[in-house]
Amino acid sequence: MREVFGLPEIIDNKAEFTIRNATHEDLPQIIKINTEALPENYPEFFFVYHLENWGKAFFVAEADGRVIGYIMNRIETGLGFIRKFIVKKGHVVSIAVLEGYRRKGIGESLMKKGMDSMRDDYGAKEVYLEVRVSNEPAIRLYEKLGFKKVKVIEGYYSDGENAYLMAAPL
Ligand code: ACO
Ligand code: ZN
């Protein structure tokens, strides 16, 4: 790294952020981010249910002293999308990063922490999610992490848009 007057020069746009497990106190801000970032919104009890059942795989990202992103996951047992037998599957239910904090590696870090926890804390062998076919940023992120498009789910969203079901081994 180049140095100016002995101080390291900041040459990238990587934000200072930390990833930690979500707590009940984080839920109002998580719900706010979800409402701002996505049309798929849920009642509070849905977030509480995921926090209480799969809290080790529920993470927030903090920057500038506040929560600016989250990933909420759950574990299911069923026929695998990668392995064609009954497996524990991690399900990425919802991930979002506040608009001003995007493209700094935060979403990728949240995904990696979530995937590690689903594998190591819960024994999931694969991970899957649904994503709008028009959601290029998210699809790129998932592909970067090894997800493949498994199928199209017609009319998955309430406005009629199709979803890709994407999955990756863990
Ligand atoms: N265009 C192209 N590729 C992108 C973009 C983009 N706008 N954003 C992310 N990527 C890809 C790139 O490969 C990027 O790596 P690179 O920067 O080295 O090229 C990689 O994803 C990682 O990007 P991050 O900076 O870690 O992603 P970010 O912190 O911006 O979060 C997210 C990505 C969560 C999808 C964010 O854009 C967001 O909050 N969007 C709105 C909410 C949303 O769509 N959530 C997903 C819905 S589907 C679901 O929840 C299962
Ligand atoms: Zn889903």
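Residues numbered from 1 in each chain as written. Chains lettered and ligands numbered in written order. Predicted model: local features only at pLDDT ≥ 70, side-chain atom pairs only at ≥ 80, totals over all residues. Heavy atoms only, no water.

**Some points on the site of ligand 1**
Phase 1: Inspection of the region around ligand 1 gives 24 residues, with R103, G105, G107, E108 and N135 positioned closest.
Phase 2: Here a nitrogen atom of ligand 1 sits 2.8 Å away from a polar atom, N or O, in the main chain of I95.
Phase 3: Between ligand 1 and the protein, one listed contact pairs an oxygen atom with a backbone N or O atom of R103 at 2.7 Å.
Phase 4: Across the complex, the protein chains shield 82% of the 990 Å² of accessible surface that ligand 1 would expose by itself.
Phase 5: Of all the secondary structure elements, the ones that give two or more residues to the shell around ligand 1 are β6 (86–97), α3 (106–120), β7 (126–132) and α4 (136–144).
Phase 6: Of the residues forming the shell around ligand 1, the biggest block, six residues, is contributed by α4.
Phase 7: The class makeup of the residues in the shell around ligand 1 is 13 nonpolar, four polar and seven charged. (Near = heavy atom within 4 Å. Polar contact = N/O pair within 3.5 Å; in protein donor to acceptor, adjacent residues only side chain to side chain. Areas by Shrake-Rupley, 256 points an atom, 1.4 Å probe, with all protein chains shown as cover. Helix = DSSP H or I, 4+ residues; strand = E, 2+ residues; numbered from the N terminus. Nonpolar A, V, L, I, M, F, W, Y, C, P; charged D, E, K, R; others polar.)

**Overview of the pairing of strand β5 (residues 66–79)**
Phase 1: Along β5, 11 of the 14 residues are buried, which leaves the element largely enclosed by surrounding structure.
Phase 2: Pairing of strand β4 (residues 59–63) with β5 involves five bridges; the strand directions are antiparallel. Across the sheet, the residue bridging to A61 is G69, located in β5.
Phase 3: Where β4 folds back onto β5 in an antiparallel hairpin, the turn is made up of two residues, including D64, whose phi is positive at roughly 50°.
Phase 4: With 11 bridges connecting them, β5 and β6 associate as antiparallel partners. Paired with I71 across the two strands is I95, which belongs to β6.
Phase 5: The turn joining β5 and β6, which pair antiparallel and follow one another in sequence, is formed by six residues. (Buried < 20%, exposed > 50% of the residue type's maximum accessible area, 1.4 Å probe, protein only. Pairing = 2+ DSSP bridges.)

**Details of the packing of aromatic side chains**
Phase 1: This structure, assessed with the given rule, holds six aromatic pairs.
Phase 2: Seen in terms of ring centroids, Y42 and F46 are 4.6 Å apart; in terms of plane orientation they differ by 25°. Their pairing is stacked.
Phase 3: The exposure class assigned to Y42 is partly exposed, which follows from its relative accessible area of 23%.
Phase 4: Aromatic pair Y42 and F47: ring centres 5.8 Å apart, planes at 65°, arrangement edge-to-face.
Phase 5: The class of F47 is buried, set by a relative accessible area of 0%.
Phase 6: What links up through ring pairs into an aromatic cluster is the set Y42, F46 and F47.
Phase 7: Lying across the ring of Y157, R132 places its NZ or CZ 4.3 Å from the centre. (Phe/Tyr/Trp six-rings, centres within 6.5 Å; stacked < 30°, edge-to-face > 60°. Lys NZ or Arg CZ within 6 Å of the ring centre and 35° of its normal.)

**Overview of the environment of K89**
Phase 1: Its location among the elements puts K89 in strand β6.
Phase 2: In this structure K89 comes out as buried when scored by relative accessible area, which is 8%.
Phase 3: Sequence separation between K89 and I75 is 14 residues; the distance between their C-alpha atoms is 5.7 Å.
Phase 4: Setting aside its immediate chain neighbours within four residues, K89 contacts R74, I75, E76, G78, L79, G80, F81, A124, E126 and Y128.
Phase 5: Within polar-contact distance, the side chain of K89 engages the backbone oxygen of L79 at 3.0 Å. (Contact = heavy atoms within 4.5 Å.)

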